[in-house]
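# Architecture at a glance
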Amino acid sequence: MQRLLVVVLSLLFLAGCEGKAPQSELPIFDDPQLSLGMNTWMQVCRNCHLTGVAGAPAIHDANAWQARMKSGREKLYKSALNGIATDSGWSMPPKGGMQQLSDQQVKLAVDYMLAAQQQLITEQRP
Ligand code: HEC
């Protein structure tokens, strides 16, 4: 019984860390457009792009974003809007699976993710 309690407590502890720490490290911008983008990002894109679920480039992963940025921002918008298909289904569903988002909301979420990772790189430089 006591062991079970320990397990439950450590799970709660882990859950607590996961919910808080990375989120508070995410940059917040004064730009109202980027704030809107952040709202969408937090609600939808974060699920996969915070830590990089199922091959998604994580918001902190500067190398992954540098590589993807080479094709240009328009290409990234397009992928986010139309999704990315693989042989076995969607790698990323269109609009991150939230069809009710407007195109503009999705684009702003992309803008937020790119601005945030730029900021994170700058902070990491000595
Ligand atoms: C269900 C998980 C999931 C969600 C939710 C999700 N993505 Fe993704 N995203 C992925 C994966 C996986 C990839 C990598 C796909 C690949 O390259 O095969 C990706 C790649 C991307 C890329 C790079 C595209 C490219 O052409 O290189 C952008 C930009 C992106 N996502 C934006 C978003 C935005 C904006 C949202 C929220 C509206 C979002 N994603 C929500 C899983 C997700």
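Our subject is the structure that appears above.
Each chain carries its own residue numbering, running from 1 in the direction its sequence is written. Where totals are concerned, whole chains, interfaces and linings use all residues; where local detail is concerned, this predicted model gives features only for residues with pLDDT of at least 70, and gives and counts side-chain atom pairs only at 80 or more.

### Observations concerning the site of the ligand
- Each residue receives a C-beta atom built from its backbone; the residue is near a molecule or strand if that atom lies within 6 Å of it. Within the structure, the ligand sits among 25 residues, and Cys45, Cys48, Ser79, Met92 and Gly96 are positioned closest to it.
- If one sorts the elements of the shell around the ligand by residue count, helix H2 (residues 32-49) sits on top with six residues.
- Amino acids outside the nonpolar list (Ala, Val, Leu, Ile, Met, Phe, Trp, Tyr, Cys, Pro) and the charged list (Asp, Glu, Lys, Arg) are all regarded as polar, and Gly is one of them. Its residues assigned to classes, the shell around the ligand comprises 14 nonpolar, eight polar and three charged. Note on conventions: DSSP H or I runs of at least 4 residues are helices, E runs of at least 2 residues are strands, and numbering of each starts at the N terminus.

### A few points about the environment of Leu108
- Positionally, Leu108 belongs in helix H5 (residues 103-124).
- Once the C-alpha coordinates of Leu108 and Trp41 are considered, the two residues, 67 residues apart in sequence, prove to be 8.6 Å apart.

### So, the nonpolar core
- For this analysis, nonpolar core means a set of buried Ala, Val, Leu, Ile, Met, Phe, Trp, Tyr and Cys residues linked through C-beta atoms within 7 Å. Burial is judged by counting other C-beta atoms within 10 Å of a residue's own C-beta: 20 or more means buried, 12 or fewer means exposed, and anything between counts as partly exposed, with every C-beta placed from the backbone. Trp41, Val106, Ala109, Val110, Tyr112 and Met113 are the most contacted members of the largest nonpolar core, which totals 14 residues.
- Looking at this core, the elements with two or more residues in it are H2 and H5.
- Among the elements that make up this core, the one with the highest residue count is H5 (seven residues).
- By the convention adopted here, residues make contact when the C-beta atoms placed from their backbones lie within 7 Å. Setting aside residues no more than four positions away along its own chain, Val110 makes contact with Leu76, Tyr77 and Ala80.

Take it as geometry only, folks, not as evidence of what the structure does.
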